[in-house]
Amino acid sequence: MRAALLAATTSAVLVAPVPVGATGASAAPTVRCPRVPASAASRPPRPSPPPAVPAQRVVGGAALDTAGLVVPADATAPPRVTATSWLVADLDSGQVLGGCGPHEYGTPASVQKLLLAATMLPRLDPKQMVTVTDADMNIEPGSSAVGLVAGGRYTIETIWLGLLLNSGNEAANALARLGSGTDSAAGVRAMNERAHQLGALQTHAVTPSGLDGKGQFTSAYDLALIARACFAEPTFRRYALTEQTSIPAQPAQRTKGFEIQNENQLIYRYPGALGGKTGFTDLARHTYVGAAERGGRRLVVTVLGAESAPVRGWEQGAALLDWGFTLPRDAAVGRLVEPGELTATPSAAPSALAAPGAPRPAAASGPARTGSGWLWSVIVVSGATVVGLWGGLLWRRRRRML
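Residues numbered from 1 in each chain as written. Predicted model: local features only at pLDDT ≥ 70, side-chain atom pairs only at ≥ 80, totals over all residues. Heavy atoms only, no water.

### Let's talk about the overall build of the chain
In step 1: Counting secondary structure elements, the chain contains 11 helices and 11 strands.
In step 2: Nonlocal contacts in the chain, meaning residues at least 24 apart in sequence, comprise 73% of its contacts between residues at least 6 apart.
In step 3: On the chain, roughly 15700 Å² of surface is accessible, and the fraction owed to carbon and sulfur atoms is 55%. (Helix = DSSP H or I, 4+ residues; strand = E, 2+ residues; numbered from the N terminus. Contact = heavy atoms within 4.5 Å. Areas by Shrake-Rupley, 256 points an atom, 1.4 Å probe, with all protein chains shown as cover.)

Here is the structure:
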């Protein structure tokens, strides 16, 4: 199965970055992404995404404004996958190595829990003992739960592990409530503010867990920004590599303790794995974010809209990571903007389309400096315009997602 996934199409055309003076990536013909045929799945109708915002589709580089494939000109063709969109990037330098529809809207499913982590991890004391409420248990019947109980007392660290190892939706509600100080709805608002601060302008959360909700969208590019913020946190890196943990007994609720295991198979089966997050709903299909280190180089992959056959979502991510590690260290088609770069000052013109610069730590913030390599077309977008565009996302047309 894995070998079949790794086979690349021989007819793929590679899209080179656009030099200064060109009319933009959209002037070139769209190159179809190499895909494995997937069987038709029974699922609810896909929701209508919000209207495309041109300025958001070029965040990170003009060449990323494509619904098709974008890879360095001299790169080998990437593996064939079932995902509708994906992106591979360097966690440290922020260079985007390649992608398929990197700014196409997608439905996140449980990879949205990474945005919750990026928002709430710095706010919460992992050793604090807290009580789970009835409201925290308000999740879709039959959806993923770790097994917390209303009235139960747990450390915040235990709840984080329940979220990241077992994708507990009740854990997401609890962490959103605790991190906001009021309720999970306030936590979702904080998540959207954090997404905006990270430059993830195509991301809008409706639920803290990633359970489908009206108007909830993201993109492969945005997920890479969010994942980069998560992997900058040492606590997140430790949680993401935790293989198993215990959920303590709750005598007052007459429940026994039990063990949970990490559901992300990458950490068991991919050398150098750093962790990540799996996701699935009938609407979103399989989504995946994973990261790994090889030869002192850390890469992240984001996958949206995948089917589990012929191989599962995490295996598609692994194949794309393998491909990314074959590319030269200076290969790039764009870059991940830095936290706060697009909102640094109300009147600042973001350098979102600057050339990939020198490597920077994953935790770095502030605008990147232009480095060697090709020059990108620079589109000047005022900070006020960006804020206005984000406001537009909040009233976009929504459809119910289960």
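### Topic: the confidence of the model for the chain
Low-confidence regions, as indicated by low pLDDT, have predicted coordinates that should not be scrutinised in detail.
In step 1: Chain-level pLDDT for the chain is 83 on average; 77% of the residues reach the 70-or-more range.
In step 2: Across residues 1–27 the pLDDT falls below 50, and counting only partners more than four positions away or on other chains, this stretch makes 63 contacts in the model.
In step 3: Considering only residues more than four positions removed or in separate chains, one finds that residues 346–402, a stretch of pLDDT under 50, has 153 contacts. (pLDDT = per-residue confidence, 0-100.)

### Considering the nonpolar core
In step 1: Counting 67 residues, the largest nonpolar core has Trp160, Tyr221 and Phe236 as its most contacted members.
In step 2: With residues up to four places along the chain from it excluded, the contact list for Tyr221 reads Val59, Gly60, Leu64, Leu87, Val96, Pro102, His103, Arg335, Leu336 and Val337.
In step 3: Listed in part, the 28 residues of the second largest apolar core include Leu69, Cys100, Ala273 and Ala331. (Core = buried A, V, L, I, M, F, W, Y, C linked by side-chain atoms within 4.5 Å. Buried < 20%, exposed > 50% of the residue type's maximum accessible area, 1.4 Å probe, protein only.)

### Focus: the pairing of strand E8 (residues 273–281)
In step 1: With respect to burial, E8 is a largely interior element, seven of its nine residues being buried.
In step 2: Summarising the sheet, E8 and strand E9 (residues 285–294) pair through eight bridges and their orientation is antiparallel. In the sheet register, Gly276 faces E9, and the bridge partner there is Gly290.
In step 3: The turn linking E8 back onto E9 is made up of three residues. (Pairing = 2+ DSSP bridges.)

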